[in-house]
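# Structural overview for review
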Amino acid sequence: MERTLAIIKPDGVAKGLVGEIIRRLEREDLTILALKMIWMTKEQAKGFYGVHAGKPFYESVTNFMSSGPSVVMVLEGEGVINAYRRLMGATNYKEAEKGSIRREYATDIEKNVVHGSDSPQSAAFEIAYFFNELEIFKR
Ligand code: ATP
Ligand code: MG
């Protein structure tokens, strides 16, 4: 069993897509172990996307991630990291597979509606960044 951190980014919340995205997760049998709404500070967003520090989009993406509330979730399932990344689609919505969340709802390479961890190592860091063990449901 694997875990991943999923985020419905501020653009997804602002567009009223929380229900739609959760419906897709449930339909694909990705189990939600934890869920909350947060409004990241700029500092929290910088720490979260620390691997991108120094890249040209770092300032902008951390401003975006702290621009409004997000929904953060812990998902569990076999191969959930890649399964959820397939559901999200490519970073650039124009290259994302038809039917994926980003292809359907993203409007911008930055404002791309959802986040998902990209490896077991980043999942462990990202889950611990937002949740303590008491907040994560044990099956
Ligand atoms: P995420 O980490 O949010 O799940 P990802 O793994 O598909 O997305 P990353 O390369 O980790 O993509 O980039 C993190 C986020 O930074 C992207 O989701 C997007 O919001 C923003 N971003 C990435 N590349 C660019 C870019 N070239 N221009 C603007 N924003 C970008
Ligand atoms: Mg990433």
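Everything discussed here concerns the structure shown above.
Residues numbered from 1 in each chain as written. Chains lettered and ligands numbered in written order. Predicted model: local features only at pLDDT ≥ 70, side-chain atom pairs only at ≥ 80, totals over all residues. Heavy atoms only, no water.

## Here's the deal with the overall build of the protein chain
Put simply, the rule reads: Here a strand is any run of E in DSSP of at least two residues, a helix any run of H or I of at least four, and the numbering for each starts at the N terminus. When accessible area is computed with a 1.4 Å probe and restricted to protein chains, residues below 20% of their type maximum are described as buried, those above 50% as exposed, and intermediate ones as partly exposed. Contacts are assigned to residue pairs that have any heavy atoms within 4.5 Å of one another. As used throughout, the charge tally considers Lys and Arg to be positive and Asp and Glu to be negative, leaving His and the chain termini uncounted. For this purpose, a charge sits on NZ of Lys, CZ of Arg, CG of Asp or CD of Glu.
For the protein chain, the count of helices and strands is seven helices and four strands. Along the protein chain, helices (α) and strands (β) appear in the sequence β-α-α-β-α-α-β-α-α-β-α when read from the amino end. Viewed in the frame of its principal axes, the protein chain has a C-alpha envelope of about 40 × 35 × 25 Å. With 139 residues in all, the protein chain has 49% of them scored as buried. Partitioning the contacts of the protein chain with sequence separation of at least 6, the portion at a separation of at least 24 is 78%. Averaging the positions of the 19 positive and the 19 negative side-chain charges in the protein chain gives two centres separated by 3 Å.

## What to know about the site of ligand 1
Rule in force here: For each residue, the test is whether any non-hydrogen atom lies within 4 Å of the molecule or strand; if one does, the residue is near. We define a polar contact as two N or O atoms separated by no more than 3.5 Å, with the added condition that, inside protein, one atom must be a possible hydrogen donor and the other a possible acceptor, whereas residues neighbouring each other in sequence contribute only through side-chain atom pairs. To be clear on the numbers: accessible area is Shrake-Rupley with a 1.4 Å probe, and residue cover counts the displayed protein chains and nothing else. Any residue that is not Ala, Val, Leu, Ile, Met, Phe, Trp, Tyr, Cys, Pro, Asp, Glu, Lys or Arg is counted as polar, Gly included; the first ten are nonpolar and the last four charged.
Around ligand 1, 13 residues are found, and the nearest of them are Tyr 49, Thr 91, Glu 110, Asn 112 and His 115. Arg 102 places a polar side-chain atom, nitrogen or oxygen, 3.1 Å from an oxygen atom of ligand 1. In this structure, Glu 110 approaches ligand 1 through a main-chain N or O atom, which is 2.7 Å from an oxygen atom. Compared with its free state, where it exposes 570 Å², ligand 1 has 80% of that area covered by protein. When the residues that make up the shell around ligand 1 are grouped by side-chain class, the tally is four nonpolar, five polar and four charged.

## Observations regarding the side chain of Ser 66
One can find Ser 66 in the loop between α4 (58–65) and β3 (70–77). Classification of Ser 66 as buried rests on a relative accessible area of 17%. At a separation of 2.8 Å, a polar atom in the side chain of Ser 66 contacts the main-chain carbonyl oxygen of Thr 62. Within polar-contact distance, the side chain of Ser 66 engages the backbone oxygen of Asn 63 at 3.2 Å. Those residues in contact with Ser 66 that sit more than four places away from it in its chain are Trp 39, Met 40, Thr 41, Lys 42 and Ala 45.

## Considerations on the sheet that holds strand β4 (residues 114–116)
Heads up, the condition is: Two strands form a pair only when DSSP identifies at least two bridges running between them. Note on method: axes are straight lines fitted to C-alpha atoms, helices fitted across the in-contact stretch only, with angles between N-to-C directions ranging 0 to 180 degrees.
Taken in spatial order, the four strands of this open sheet run β2-β3-β1-β4, and their pairing is antiparallel. Every interior strand has two partners, whereas the edge strands, β2 (31–38) and β4, have only one. Here the strands of the sheet are splayed against their neighbours by 20° on average, with no regard to which way each runs. Bridge count between strand β1 (residues 2–8) and β3: seven bridges; the pairing is antiparallel. Residue pairing across strands places Arg 3 opposite Glu 76, the latter belonging to β3. Along the sheet face, helix α2 (residues 18–27) touches β1, β2, β3 and β4 and points at about 5° away from the line of β3. This element, helix α7 (residues 120–130), spans β1, β2, β3 and β4 of the sheet and lies at about 60° to β1.

## A look at the nonpolar core
We apply this condition: The definition of a nonpolar core used throughout is a set of buried Ala, Val, Leu, Ile, Met, Phe, Trp, Tyr and Cys residues joined through side-chain atoms within 4.5 Å.
Core analysis: the biggest nonpolar cluster contains 21 residues, and Leu 30, Met 73, Leu 75 and Tyr 84 have the highest contact counts within it. Contributions of two or more residues to this core are made by β1, α2, β3 and α5 (80–88). Here the element with the most residues in this core is α5; it accounts for five residues. Ignoring anything within four residues of it in the chain, the contact list for Met 73 reads Thr 4, Leu 5, Ala 6, Ile 8, Ile 22, Leu 25, Ile 32, Ala 34, Leu 35 and Phe 131. Grouped together as the second largest cluster of nonpolar side chains are 19 residues, Ala 34, Met 40, Phe 48 and Phe 64 included.

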